[in-house]
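Residue strings, one per chain:
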Amino acid sequence: MHKTKLYILIIITLLLIPVLTHAEKTRGFSVVARDEKTGEMKRLKLYDRSYAVIIGIDWYKNMPLKSLENAVSDAKGVEKTLKTNFEFDDIFTLYNEEATKDGILDTLMDKLGRKTTKEDAVFIFWSGHGYTEKTGYGELGYLIPYDGSFDSMRKNISMTILRDDISKTIKAKHVFYVIDACYSGLLLAKKGGKRKTERSLSYLKDITKEDVRQILTAGGKDQEVLDGGPFGYSVFTGRFIQALKEAKDYIIASELSSNIKRKVYSDARARNHKQKPQSGELFGLGDYVFIPAKSMEAELKEAQLKEFNEGITSKSKELIRLEKMLAEEEVLKKERLKYLKEMEEANEVAKKREAKEIEMQKQALLKFDEKIKNMKQKLGASAPDSDSNLDTLLAMVEQKEEQERKIAALKKQREEEERRREAELEKLRKQRKEEERKKQAEIERLKREEYNKIIDKIKKRVDKYNRIVSSKYGKGMKTQAWKSVIKDLPKEWTEGVKEGDTYSIVLGPPIERDGQYVKYSNGVVYDKNTGLEWYAGPDKDTTWYEAKSWVENLTVAGGGWRMPGKSELKALYKKGKGERNMTPLLETTGWFVWASETKGSSSAWYYSFSYGLDFWLYRGNSRYERGFAVRSR
């Protein structure tokens, strides 16, 4: 078996050598485009490094009544999409209180100012308030940071600062601003005129040579940003994320801006609303390019695949056969059992070795103690005669001093030996602990794997069962079909499950019970009295907005979760129960849980499990608050 694995590893390594060599030659950020002259696909390096800055602000220090609900959620959606689909060396994030004016300028002007070079690219996304102020010389746009204000423009970030300070401090070749806020006064270098956006090698070479500072905003002044866009984000951010996710290769900023402007304007018109995104260049003639995580044109992939297939030999066919053989369940099972047995044997050897070392240390220290004891006895055994002369007395004194020095040296030697042996024992203990940890981790992995296998098997059976009982021809087969579903399943999976209860059988066996409450291995807690299922959110201080976003994105056990109402939380309250006056199966250290009901434009209700009462609070508060999810079974 080990020889087989080695054989496979050698073949795979040989196959990967050309790929690795090619990757070594193409470091940095590059794309593949068609050469119009030759028709061939060629790779072109665009940047040395690429960075992104994501800023999202839901609530404002000086403007609590101007709070937003989805700005941070939108920004995090962009962050997740960039990390998943595109190449970046580093992504900086500033959310809510992190996004002060000083914090934003420090990140953009100091951190990026020091990091970037003339061969880099920077993408900046803003989700929050924007503002337009009329002046005697036209309109000037502002971005409102967390500590900004509509009343004092000096607290905000103007387009002048964006164009003249931030854009020129960042040394990158290409900078692209995407701003989910509505205002005008962009101070664009030019307006109107369609920009060339060819997806060709020559166009990419042209934009590589030129610097640029590009910008795309959600709309003009006095235009409200629409929510309800793709994936649950705003229309503008949703369309932006959709364009990024659907991209099959690199994306050029000017082409992206043109498409989003058209789609957002169309979406707004369909809802009898006016929202028209704006775009252009603050300065420069280049064009920012999003580099995908896998930058390959379809033609290049096909060419590589064809080359690979033509190189398949009898040995590679043998490799496929061996991989299939290794995938056989029985072979894998034997390998796992053998591995666990080896780990247990190694653990026993480590225990015996540690016990032997401890015994050796004890014996060595006992010898040291005996030697010191004998020397002390010898030191005090001799006494001078009354007739001894000075020379004799001096010799005796010197002898005793020498013995004292030897005792001191022996004690020091003993202490050093004790420290050395203790260090060795500690090393053995750590080694044994690590081996035990690996063993337990492997056992847990095998348990999870076995659990998932059972779940997969049950789901397939349940699908067939549902098809049978939903047919008019399968009504009489219902009982027999159910027996086939639960056949050969572990007892704990079927105990207490009634015939036809496919929901419970898929959910799996309970791992803990507390009266009317039952907890399953996936963390779901079922209340048998109310028929509700509960799921405790992250055990950390949570704002109402964060709790709402977490619940809406929760996919545990099939999704369908919502925030609980006040009355539902009240039903959980049981004075003296657990540590938080509720069933301990819902694990949390917080005393307050957010409810779905709101009060006014910036407050929401929460339930206090310390007092058994509901109160309302500013939605941006998070101290001791938690988020729970609930759904009906």
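About the thresholds
Residues numbered from 1 in each chain as written. Predicted model: local features only at pLDDT ≥ 70, side-chain atom pairs only at ≥ 80, totals over all residues. Heavy atoms only, no water. Helix = DSSP H or I, 4+ residues; strand = E, 2+ residues; numbered from the N terminus. Buried < 20%, exposed > 50% of the residue type's maximum accessible area, 1.4 Å probe, protein only. Contact = heavy atoms within 4.5 Å. Areas by Shrake-Rupley, 256 points an atom, 1.4 Å probe, with all protein chains shown as cover. Salt bridge = Lys/Arg side-chain N within 4 Å of Asp/Glu carboxyl O. Pairing = 2+ DSSP bridges. Axes fitted to C-alpha atoms, helices over the stretch in contact; angles between N-to-C directions. Parallel < 35°, antiparallel > 145°, perpendicular 65-115°, else oblique. Nonpolar A, V, L, I, M, F, W, Y, C, P; charged D, E, K, R; others polar. Phe/Tyr/Trp six-rings, centres within 6.5 Å; stacked < 30°, edge-to-face > 60°. Lys NZ or Arg CZ within 6 Å of the ring centre and 35° of its normal. Core = buried A, V, L, I, M, F, W, Y, C linked by side-chain atoms within 4.5 Å. Polar contact = N/O pair within 3.5 Å; in protein donor to acceptor, adjacent residues only side chain to side chain. pLDDT = per-residue confidence, 0-100. Patch = residues over 30% accessible without salt bridge, like charges linked within 9 Å, V, L, I, M, F, W, Y side chains within 5 Å.

## Things to note about the overall build of the chain
Part 1 of the argument: Counting secondary structure elements, the chain contains 16 helices and 22 strands.
Part 2 of the argument: Within the chain, the proportion of its 633 residues that are buried is 43%.
Part 3 of the argument: Taking the intrachain contacts of the chain between residues at least 6 apart in sequence as the baseline, contacts between residues at least 24 apart amount to 71%.
Part 4 of the argument: When the accessible area of the chain is evaluated, it comes to approximately 36100 Å², of which 52% is carbon and sulfur surface.

## Some thoughts on the pattern of salt bridges
Part 1 of the argument: Inspection of the entire model under this criterion finds 20 salt bridges.
Part 2 of the argument: We note a salt bridge from glutamate 442 to arginine 445, for which the minimum N-O separation is 2.8 Å. Of this pair, glutamate 442 and arginine 445 both sit in helix 11 (residues 390-470), 3 residues apart, which is roughly one turn of that helix.
Part 3 of the argument: For lysine 577, the salt bridge identified is with aspartate 514, shortest N-O distance 2.9 Å.

## Looking at the sheet that holds strand 15 (residues 517-520)
Part 1 of the argument: Strand order in the open sheet formed by 5 strands is 14-15-16-17-22, and the pairing between neighbours is antiparallel. The sheet terminates laterally at strand 14 (510-514) and strand 22 (628-632), the two strands that pair on one side only. Looking at each pair of strands side by side, their axes are set apart by 25° on average, direction ignored.
Part 2 of the argument: Where strand 15 and strand 16 (residues 525-527) come together, 3 bridges link them in antiparallel fashion. Among the inter-strand pairings, lysine 519 is bridged to a residue of strand 16, identified as valine 525.
Part 3 of the argument: Strands strand 17 (532-536) and strand 22 of the sheet are contacted by helix 15 (residues 544-552), whose axis makes an angle of about 40° with strand 22.

## Comments concerning the packing of helix 3 (residues 101-115) against helix 4 (residues 159-169)
Part 1 of the argument: Two numbers describe how helix 3 lies on helix 4: the axes approach to 8 Å, and their chain directions differ by 30°. Comparing their axes, helix 4 and helix 3 come out roughly parallel. Here Leu105, Leu108, Met109 and Gly113 of helix 3 come into contact with helix 4, specifically with Ile161, Asp165, Ile166 and Thr169.
Part 2 of the argument: When grouped by side-chain class, the residues that make up the contact of helix 3 with helix 4 number 5 nonpolar, 2 polar and 1 charged.

## With respect to the pairing of strand 15
Part 1 of the argument: Here strand 15 shows a buried face lined by Tyr517 and Lys519 and a second buried face lined by Val518 and Tyr520.
Part 2 of the argument: Summarising the sheet, strand 14 and strand 15 pair through 4 bridges and their orientation is antiparallel. Its bridge partner being in strand 15, arginine 513 is matched across the sheet by valine 518.
Part 3 of the argument: The turn joining strand 14 and strand 15, which pair antiparallel and follow one another in sequence, is formed by 2 residues; a positive phi near 65° is taken by glycine 515.
Part 4 of the argument: Connecting strand 15 to the next strand, strand 16, in antiparallel fashion are 4 residues, including glycine 523 with a positive phi near 95°.

## Some points on helix 15
Part 1 of the argument: When we look at burial in helix 15, the residues that qualify are Trp544, Tyr545, Ala547, Trp550 and Val551.
Part 2 of the argument: At its buried positions, helix 15 is contacted by strand 17, strand 18 (592-599), strand 19 (603-608) and strand 22.

## Here's the deal with the packing of aromatic side chains
Part 1 of the argument: Applying the stated rule across the entire model yields 24 aromatic pairs.
Part 2 of the argument: Ring plane angle 10° and centroid distance 5.9 Å describe the contact between phenylalanine 123 and phenylalanine 240, whose orientation is recorded as stacked. Residue phenylalanine 123 is found in strand 5 (residues 121-127), and its partner phenylalanine 240 is found in helix 6 (residues 235-246); the two are separated by 117 residues along the sequence.
Part 3 of the argument: The exposure class assigned to phenylalanine 123 is buried, which follows from its relative accessible area of 0%.
Part 4 of the argument: For phenylalanine 240, a relative accessible area of 0% gives the class buried.
Part 5 of the argument: For the pair tyrosine 535 and tryptophan 561, a centre-to-centre distance of 6.1 Å together with 50° between the ring planes defines the contact as tilted. Separated by 26 residues along the polypeptide, tyrosine 535 in strand 17 and tryptophan 561 in the loop between helix 15 and helix 16 (566-572) bring together distant segments of the chain. Per residue, the accessibility class of tyrosine 535 equals that of tryptophan 561, and both read buried.
Part 6 of the argument: Three or more aromatic residues link up through ring pairs in this structure, and these residues are Tyr47, Phe86, Phe123, Phe125, Phe176, Phe240, Tyr288 and Phe290.
Part 7 of the argument: The cationic tip of lysine 566 hangs over the ring face of tryptophan 605; the distance from NZ or CZ to the ring centre is 3.9 Å.

## Observations regarding the sheet that holds strand 19
Part 1 of the argument: Sheet architecture is open: 4 strands sit in the order 20-19-18-21, paired in mixed fashion. In this open sheet, the two strands that pair with only one neighbour each are strand 20 (613-618) and strand 21 (625-626).
Part 2 of the argument: Bridge count for strand 18 against strand 21 is 2 bridges, and the pairing is parallel. Note on strand 21: the bridge partner recorded for phenylalanine 592 is glutamate 625.
Part 3 of the argument: Strands in contact with helix 15 are strand 18 and strand 19; relative to strand 18, the strand with the most contacts, it is inclined by about 95°.

## A closer look at the nonpolar core
Part 1 of the argument: Formed by 47 residues in total, the largest nonpolar core has its most connected members in Ile54, Leu82, Phe123, Phe176, Phe240, Tyr288 and Phe290.
Part 2 of the argument: Every residue in contact with phenylalanine 123, bar those within four places of it in the chain, is listed here: Tyr51, Ala52, Val53, Ile54, Val78, Leu82, Phe88, Phe176, Val178, Phe240, Tyr288 and Phe290.
Part 3 of the argument: In terms of nonpolar packing, the next biggest core, distinct from the first, is built from 36 residues, Phe92, Ile104, Tyr142 and Met159 among them.

## So, the side chain of arginine 626
Part 1 of the argument: Here arginine 626 lies in strand 21.
Part 2 of the argument: Judged by relative accessible area, which is 6%, arginine 626 ranks as buried.
Part 3 of the argument: Polar side-chain contacts of arginine 626 include one of 3.3 Å to the backbone oxygen of lysine 540.
Part 4 of the argument: Polar side-chain contacts of arginine 626 include one of 3.0 Å to the side chain of threonine 589.

## Structural notes on the confidence of the model for the chain
Part 1 of the argument: Mean pLDDT over the chain stands at 80; residues scoring 70 or higher make up 77%.
Part 2 of the argument: Mean pLDDT values over the elements of the chain span from 45, in helix 1 (residues 2-25), up to 97, in strand 3 (residues 50-56).
Part 3 of the argument: Note on residues 11-26: pLDDT under 50 across the span, and 6 contacts to partners over four residues away in sequence or across chains.
Part 4 of the argument: Low pLDDT, under 50, characterises residues 295-300; the stretch is placed with 20 contacts to residues that sit more than four places away or in other chains.

## Notes on a nonpolar patch on the surface
Part 1 of the argument: Nonpolar side chains collect at one region of the surface, where Tyr611, Leu613 and Phe615 lie side by side and expose about 330 Å² of accessible area between them.
Part 2 of the argument: Tracing the backbone through its elements, the reader meets phenylalanine 615 in strand 20.
Part 3 of the argument: The exposure class assigned to phenylalanine 615 is partly exposed, which follows from its relative accessible area of 32%.

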